[in-house]
Amino acid sequence: VIVYGDLPKNKENVIYLANHQCTVDWIIADMLAIRQNALGHVRYVLKDGLKWLPLYGWYFSQHGGVYVKRSAKFNEKEMREKLRAQMKAETPMYLVIFPEGTRYNPEIPKVIADSQSFAEKEGLAILKHVLTPRVKATHVAIDTMKDYLDAVYDVTVAYEGTVDHKGQRKLAPSMTEFLCKECPRVHIFIDRIELKDIPEEQMYMRRWLHERFEIKDKLLIEFYDAKDSKRRNKFPGKSVHSKLSLKKTLPSLLFLGGLTASMLLTESGRKLYVKTWIYGTLIGCLWVSIKP
């Protein structure tokens, strides 16, 4: 894990804005949070369909996640109420938002072309390595929690090994590929932004957010397309090879592994495990359909 920029050592209440390429992006937020002793504080703004995930859909909702629908179906009131409930409970906040709304996938050029056409129509800069960001969820989150937050983290992520022999960008690694070390290094650029430097009105915040994604795009152009081969596969500026000590992760691994193994090694435990997935999923789906 190669870290650039200004990641504070201490945990803060933040909104985390990042480019989105694959499922591993979710884990990158955890990688940064654990380095600030804030792992249990990570919460996500998720697309509405994910609430039907077995067990996890209900878990994300109970853990402060916010499900949102796109465009005209976006429910601003519901999102504000959920965030206000978290603030009232004085819940530590490490809220992850992917403003692009969907993954950047070089194997689906139509999505990229549509995003660029929309930017051109709106008079915005056309972006190459990220999609045109949507501002609604970001604006609601910042506007609702502006007196609760310490900062906004603007995070840009790039995975090594995602360029083919012709120099064209490839699909970012899946979770399996990442865990099997098909991506040797992940590069993470963090820009910590004070709330006072962010426009409050949605119209101006939209322009500000697009400008932030222009910066991301320039960083990724440098990473993937730099004419000087020595400058490729890294972001500009100083970096730190950020290692994580075993004491940060081993206790959780032993606890979870031991608990799971103890269930699977006995017949009664295996039955309980299966019933948990079946009934937990049914109850969870019922719960999120009644109380998102």
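Remember, it's a predicted structure, so these values are computed and weren't measured experimentally.

Asker: I'm lost on the overall build of the chain in this one. Help?
Answerer: Across its full length, the chain carries 9 helices and 8 strands. The C-alpha atoms of the chain give 20 Å as radius of gyration, which agrees with the globular expectation for 292 residues (19 Å, within 12%). With respect to the three principal axes, the spread of C-alpha positions in the chain is 60 × 45 × 40 Å. When burial is assessed residue by residue, the chain has 43% of its 292 residues classed as buried.

Asker: So what exactly am I meant to see when it comes to helix α4 (residues 109-121) here?
Answerer: Three- or four-residue spacings in an α-helix give side chains the same orientation, since the helix completes a turn every 3.6 residues. Given a rise of 1.5 Å per residue, 13 residues ought to cover 18 Å, and the 18 Å separating the end C-alpha atoms of α4 matches this to within 8%. Listed in full, the buried residues belonging to α4 are Ile 112, Ser 115 and Ala 119. Burial along α4 is one-sided: seen end-on, the buried residues are contained in an arc of 65°. Set apart from the buried face of α4 by more than 90 degrees, the exposed residues are Pro 109, Lys 110, Glu 120 and Lys 121. At its buried positions, α4 is contacted by α7 (202-225). After α4 finishes, the residue Gly 123 shows a positive phi value of roughly 75°.

Asker: What should I look at first to understand the confidence of the model for the chain in this one?
Answerer: Detailed reading of the predicted coordinates is not advisable wherever pLDDT falls low. Summing up the model confidence of the chain, the mean pLDDT is 92 and the portion of residues at 70 or higher is 100%. At the level of individual helices and strands, the chain shows its lowest average pLDDT in helix α2 (residues 56-62), which scores 88, and its highest in strand β2 (residues 14-18), which scores 98.

Asker: What's the story with the side chain of Arg 169 in this structure? I'm lost.
Answerer: Mapped onto the secondary structure, Arg 169 falls in the loop between β6 (151-159) and α6 (175-179). Lacking a salt bridge, the buried Arg 169 has Asp 217 as its closest oppositely charged neighbour, with an N-O distance of 6.6 Å. Within the structure, Arg 169 has its side chain in polar contact with the backbone oxygen of His 129 (distance 3.0 Å). In this view, Arg 169 contacts Gln 21, Tyr 104, Pro 106, His 129, Thr 162, Val 163 and Tyr 224; residues no more than four positions away in its chain are not counted.

Asker: What is the right way to read the packing of aromatic side chains from this model?
Answerer: By the definition in use, this model includes 15 aromatic pairs. Judged by centre distance (5.0 Å) and plane angle (75°), the rings of Phe 223 and Tyr 224 are edge-to-face. The class of Tyr 224 is buried, set by a relative accessible area of 5%. What links up through ring pairs into an aromatic cluster is the set Trp 26, Tyr 44, Tyr 56, Tyr 59, Phe 60, Phe 98 and Trp 277.

Asker: When you look at the environment of Ala 113 in this model, what are you seeing that I'm missing?
Answerer: Structurally, Ala 113 is set in helix α4. What makes Ala 113 partly exposed here is its relative accessible area of 35%.

Asker: Mind showing me how you'd approach helix α9 (residues 267-290) here?
Answerer: Taking 1.5 Å of rise per residue, the 24 residues of α9 would be expected to cover 34 Å, and the 34 Å separating its terminal C-alpha atoms lies within 8% of that figure. Taken as a whole, α9 has its buried residues at Gly 269, Thr 281, Gly 284, Cys 285 and Val 288. Looking at the packing, one finds that the buried side of α9 touches α2 and α8 (246-264).

Procedures and definitions
- Residues take numbers from 1 onward in each chain, read along the sequence in its written order.
- Local features are withheld for residues below a pLDDT of 70 in this predicted model, meaning they are given only at 70 or higher, and side-chain atom pairs are given and counted only at 80 or more; totals for whole chains, interfaces and linings count all residues.
- Working from all heavy atoms in the structure, the side-chain values ignore hydrogens and water.
- A run of H or I in DSSP counts as a helix once it spans at least four residues, and a run of E counts as a strand once it spans at least two, with each numbered from the N terminus.
- We compute the radius of gyration over the C-alpha atoms and compare it with the globule rule, which gives 2.2 Å times the number of residues raised to the power 0.38.
- A 1.4 Å probe rolled over the protein chains alone gives each residue an accessible area, and that area as a share of the maximum for its type sets the label: buried under 20%, exposed over 50%, partly exposed in between.
- Multiplying 1.5 Å by the residue count of a helix minus one yields the expected span of that helix.
- Here the arc refers to the directions that run from the helix axis out to each C-beta atom.
- The contact definition used throughout considers only heavy atoms, calling two residues in contact when any of these lie within 4.5 Å.
- A residue's pLDDT is the predictor's confidence in that residue, given on a scale from 0 to 100.
- Under the counting rule used here, the positive set is Lys and Arg, the negative set is Asp and Glu, and His together with the chain ends is not counted.
- We count a salt bridge whenever a side-chain nitrogen from Lys or Arg sits within 4 Å of a carboxyl oxygen from Asp or Glu.
- Pairs of N or O atoms within 3.5 Å make up the polar contacts considered here, provided that, within protein, one atom can donate a hydrogen while the other can accept it, and that residues adjacent in sequence are counted only when both atoms are side-chain atoms.
- Pairing of aromatic rings covers Phe, Tyr and Trp, the last through its six-membered ring, and needs centres within 6.5 Å; plane angles under 30 degrees mean stacked, over 60 mean edge-to-face, and all others mean tilted.

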